[in-house]
Amino acid sequence: LEEATRHSPQDKSRIEELAGRFNQYIGEAQVVRAMAMRNEDVKAVQAMHGRVTPRFTLIRDSTRALTDQLFAGIDKASEEYTQQTHRAISVTWTVVLIGLALSLGLAFFVAHHEVVKVILTLRDCIKGIAEGSLMGLVPYQERANEVGEISRALHALQQVAREREVQAWIKEEVAGTSESLQN
């Protein structure tokens, strides 16, 4: 009884009422038992069928109704907890998906800024060298990654192209000077 009233304090008065009636009916059943022990069988059977059995049937039906009501309350609370759990799961998934979207956006931004921008800058530098602009500065040579290696290789290519240009100029000047001297 204590456990039932602790779990369902709103039904305490009904539980106590049923317990009191049950104890009262137990007292009446003990009177019938005493009659049977005194061999007053006919009186005992009449008392049992006339008073005790209907009262125990009534108390059983009342207890069943109370139990059904308690289970209905438990089912309702369970449904509420289930809905709260579903809401919590929905919120959790929403937060996870928003976090994932932000992470992907940040990854895209970093990739664009750190990779694409660097590649476009190196492309422009290569185009400049191909067009004969050999005095421009090759960026990213200080980096210790693949971009730095590409930049240093491009700088070496720029130096070789400058040296060839200087050698070609020297050859041209020597040829021009030789021709002037021969004339």
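Structure: see above.
All of these numbers come straight from a predicted model, not from anything done at the bench.

(A) Region of the structure containing helix H2 (residues 12-37). The end-to-end C-alpha distance of H2, which contains 26 residues, comes to 37 Å, matching closely the 38 Å that a straight helix rising 1.5 Å per residue would cover. Buried residues belonging to H2 abut helix H1 (2-7) and helix H3 (41-130). Directly after H2, the chain includes Asn39, whose backbone phi takes a positive value near 65°.

(B) Molecular detail of the packing of H3 against helix H4 (residues 146-182). At a minimum axis distance of 11 Å, the contact between H3 and H4 shows a crossing angle of 10°. Relative to H4, the element H3 is oriented roughly parallel. In this structure, H3 uses Val118, Leu122, Cys125, Ile126 and Ile129 to contact H4, whose residues at the interface are Val147, Ile150, Ser151, Leu154 and Gln158. In terms of residue class, the contact of H3 with H4 is built from 8 nonpolar, 2 polar and no charged.

(C) Molecular detail of the packing of aromatic side chains. Within the structure shown, the criterion is met by 2 aromatic pairs. Between Phe22 and Phe56, the ring centres sit 5.9 Å apart and the planes meet at 80°, which makes this aromatic pair edge-to-face. Of this pair, Phe22 sits in helix H2 while Phe56 is found in helix H3, placing the two residues 34 residues apart along the sequence. For Phe22, a relative accessible area of 37% gives the class partly exposed. Joined through ring pairs, the aromatic side chains of Phe22, Tyr25 and Phe56 make up one cluster.

Rules of the game
- Residues numbered from 1 in each chain as written.
- Predicted model: local features only at pLDDT ≥ 70, side-chain atom pairs only at ≥ 80, totals over all residues.
- Heavy atoms only, no water.
- Helix = DSSP H or I, 4+ residues; strand = E, 2+ residues; numbered from the N terminus.
- Expected span 1.5 Å × (residues − 1).
- Contact = heavy atoms within 4.5 Å.
- Axes fitted to C-alpha atoms, helices over the stretch in contact; angles between N-to-C directions.
- Parallel < 35°, antiparallel > 145°, perpendicular 65-115°, else oblique.
- Nonpolar A, V, L, I, M, F, W, Y, C, P; charged D, E, K, R; others polar.
- Phe/Tyr/Trp six-rings, centres within 6.5 Å; stacked < 30°, edge-to-face > 60°.
- Buried < 20%, exposed > 50% of the residue type's maximum accessible area, 1.4 Å probe, protein only.

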